[in-house]
Structure formats: C-alpha cells, structure tokens
Amino acid sequence: MLERNGGSGRAEGERGNEVLREVRRLLRELRIMELLAEYHPLLAGTVPLGIQVEGSDLDIICEVHDSRRFIAEARSHFGQLEEFCAVTRTVEGIIRTKINFRAGGWQVELFGQPLATEKQNAWLHMQVEGRILSLLGPGFREEVLFLKSGGMKTEPAFAKLLRLEGDPYEAMLSLGRLTLEELAAICQRAYPYILNPNGNGERE
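Engineer: Whenever I open this one, helix H5 (residues 154-161) confuses me. Can you help?
Structural biologist: Two residues of an α-helix separated by three or four positions point the same way, owing to the 3.6 residues in each turn. The buried fraction of H5 amounts to 7 of the 8 residues, a majority that puts the element mostly inside the structure. Close packing links the buried residues of H5 with helix H4 (121-149), helix H6 (168-176) and helix H7 (180-190). Two residues or fewer past H5, Arg163 is found with a positive phi of approximately 60°.

Engineer: What am I meant to see in a positive patch on the surface here?
Structural biologist: There is a patch of like positive charges on the surface, built from Arg21, Arg24, Arg25 and Arg28. Mapped onto the elements of the fold, Arg24 is located in helix H1 (residues 9-30).

Engineer: Is there a simple way to explain helix H3 (residues 67-78) in this structure?
Structural biologist: With 12 residues, H3 should reach 16 Å at 1.5 Å per residue; the first-to-last C-alpha distance of 16 Å fits that figure. Three or more residues of H3 are buried, namely Ser67, Phe70, Ile71, Glu73, Ala74 and Phe78. Down the axis of H3, the smallest arc covering the buried residues is 165°, so these residues share one side. Facing away from the buried side of H3, by more than 90 degrees, are the exposed residues Arg68 and Ser76. Looking at where H3 begins, the residue whose side-chain oxygen comes 3.3 Å from the main-chain nitrogen of Arg68 is Asp66.

Engineer: It is not clear to me how the packing of aromatic side chains should be interpreted in this structure. Could you clarify?
Structural biologist: Describing an aromatic ring pair means giving the distance of the ring centres and the angle of the ring planes. Here the structure, examined in full by the defined rule, presents 4 aromatic pairs. Plain terms: the ring middles of Tyr39 and Phe70 are 4.9 Å apart, the flat faces sit at 65° to each other, and that makes the pair edge-to-face. Of the two residues, Tyr39 sits in the loop between helix H2 (32-35) and strand E1 (42-44) while Phe70 sits in helix H3, which places them 31 residues apart along the sequence. As far as the burial class goes, Tyr39 and Phe70 line up, both buried. Their ring planes at 20° and their centres at 5.2 Å tell us that Phe78 and Phe101 sit as a pair that is stacked. Of the two residues, Phe78 sits in helix H3 while Phe101 sits in strand E4 (residues 94-103), which places them 23 residues apart along the sequence.

Engineer: Which parts of the structure should I look at to understand the pairing of strand E5 (residues 106-113)?
Structural biologist: In summary, the side chains of a regular strand alternate between the two faces of the sheet. Counting buried residues in E5 gives 8 out of 8 residues, a clear majority hidden from the surface. On E5, burial covers both faces: Trp106, Val108, Leu110 and Gly112 on one face and Gln107, Glu109, Phe111 and Gln113 on the other are all buried. Relative to E5, E4 runs antiparallel, the two being bridged by 7 bridges. By the bridge assignment, Arg102 is partnered in E5 with Gln107. The turn linking E4 back onto E5 is made up of 2 residues, and Gly104 within it adopts a positive phi angle of 55°.

Engineer: Even after reading the chapter, I still don't get the nonpolar core, so can you show me in this structure?
Structural biologist: Burial of nonpolar side chains together is a common tendency in soluble globular proteins. Counting residues in each nonpolar core, the largest one holds 29 residues, and the members touching the most others are Ile132, Phe140, Phe158 and Leu162. Counting residues per element, the ones that place at least two in this core are E1, H4, H5, H6 and H7. Residues in contact with Phe158, not counting those within four places in the same chain, are Ile51, Glu129, Ile132, Leu133, Phe140, Val144 and Met172. Counting 26 residues, the second-largest nonpolar core is a separate cluster that includes Leu27, Cys62, Phe78 and Val108.

Engineer: So what exactly am I meant to see when it comes to the side chain of Ser67 here?
Structural biologist: The residue Ser67 is located in helix H3 in this model. Those residues within four positions of Ser67 in sequence are excluded, and the remaining contacts are Thr88, Ile95 and Thr97.

Engineer: Hey, could you run me through the environment of Leu20 in this one?
Structural biologist: As for its placement among the helices and strands, Leu20 is situated in helix H1. C-alpha of Leu20 to C-alpha of Pro48: the two residues are 28 residues apart in sequence and 6.4 Å apart in space. If we skip the residues at most four places from it in the chain, Leu20 touches Leu43, Val47 and Pro48.

Rules used throughout
- Here the residue numbering is sequential within each chain, running from 1 through the sequence in written order.
- Local features are withheld for residues below a pLDDT of 70 in this predicted model, meaning they are given only at 70 or higher, and side-chain atom pairs are given and counted only at 80 or more; totals for whole chains, interfaces and linings count all residues.
- Side-chain numbers here rest on the full set of heavy atoms in the structure, without hydrogens or water.
- Residue burial is assigned from relative accessible area. The probe radius is 1.4 Å, only protein chains are included, and a residue is buried under 20% of its type maximum, exposed over 50%, and partly exposed in between.
- Helix numbers and strand numbers start at the N terminus; a helix is a DSSP run of H or I with at least 4 residues, a strand a run of E with at least 2.
- Contacts are residue-level and defined by heavy atoms, with any inter-residue pair within 4.5 Å sufficient.
- Distance thresholds for patches are 9 Å for like charges and 5 Å for nonpolar side chains (Val, Leu, Ile, Met, Phe, Trp, Tyr), applied to residues having over 30% relative accessible area and no salt bridge.
- The method behind every accessible area is Shrake-Rupley, applied with a 1.4 Å probe, and residues are considered shielded solely by the protein chains displayed.
- Salt bridge, as used here, is a side-chain nitrogen of Lys or Arg placed within 4 Å of a carboxyl oxygen of Asp or Glu.
- Residues scored as charged are limited to Lys and Arg (positive) and Asp and Glu (negative), so that His and the chain ends carry no count.
- A charge is said to be at NZ when it belongs to Lys, at CZ for Arg, at CG for Asp and at CD for Glu.
- Each residue after the first adds 1.5 Å to the expected span of a helix.
- The directions considered for the arc run from the helix axis to the C-beta atoms.
- Polar contact criterion, stated in full: a pair of N or O atoms within 3.5 Å, where within protein one must be able to donate a hydrogen and the other to accept it, and residues adjacent in sequence count only if both atoms are side-chain atoms.
- A pair of aromatic rings is counted whenever rings of Phe, Tyr or Trp (Trp by its six-membered ring) have centres within 6.5 Å, and the orientation is called stacked for planes under 30 degrees apart, edge-to-face for over 60 and tilted otherwise.
- By this definition, two strands are paired if DSSP reports at least two bridges between them.
- The definition of a nonpolar core used throughout is a set of buried Ala, Val, Leu, Ile, Met, Phe, Trp, Tyr and Cys residues joined through side-chain atoms within 4.5 Å.

As structure tokens, this is what we get:
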C-alpha cells in the first residue's frame, strides 16, 4: 500500500474543481477554443480529472490536416506569449504537431494530428481514467497523485496501480473498450476496493 498525501477526498475534489475553473477562465481570456474552433479543440489530460501535479501542462488536442497552416495560425494568435515554440514530426507515418507556450502561470500544449479529437489517444485515455476514478474513489485518486508527484506519467501510474501488464498506454486504451461492468470487475480484482452504486471506493 502506498503512503498517501494528507487531506480528504472531498478537499482534493474541491481543489480540483477550483483549478479547473481557473483554467477555464484562462482559456476564455486567451480565446483558444474560439480562435482554434475549426480544429475542434478539446481540453484533455490531467486537469479535467483533477489529478494535475506541479508542472502539469494544459493539453489541448486538435484535429489538424495542414500542420503548416495550423502553426501559422497559432503563431499569429499566441506567438507573443512566453516560450512559444512549434515542432512537427512524423510518428508511425502520422504527422504530429506540438505548439507550446506559457500563459497565466501554465504551460500550454496544443497537439495536432489528422484525426478527430474524440478519437485521439489523449481523449480516450482521459475518458477511461475518469471512469476508473469514479469507480475507485478518492483513495485511489490520492495514490495516482502520489505516483505522479514522484515523476511517473499518468497512464503508467494507472497501469501500475491496476497491475496492468505490457505497454501502459496500450493497456489503458484496451480498458477503454470495455463495458462499465467489465471495467469494474478488473478494477475490483486488481485493487482492494468495494465498488458501491455511487461509484465511491471503500475499503473492505
């Protein structure tokens, strides 16, 4: 059993909501979702789940079919912001673009690839991670935060706690294809929690 950080699940939830409100205010001020609307942007990653740690980015995924145009538009809107930079590379035959800058005390990353945002791995990972957090409750959330605070990435942290084998990123995608009942069964076998109808984890 991992040592937990102090504080109740309720307090963690309230802090997470406060951070999310802060982030949404920043996104409105920057008009990111409005200015990039044609790329169908979605806020993914740890902040919507309330499991961000110090140094976490704001990850905004986009559907991008023309990386040069995407970079040019992002530069025109956000190029004046601190630490602005853009990189394009090809991974497994797919062109991927990352644009980074700092605003409002946050590192922001715009990630683009020629795939609908709802089908991108970052979104699929976040969806299944949200289901798992709902099933296993605040104690599990604290253990995820404990591992992340030690430098572990999100998907490896979930995979370690759920005792998933193989590549953690692929393993999490596999969980996302399960029904809620199938996912609950795996969670309960891998982790000593009772899953109640409200989705809050309680110790046996």
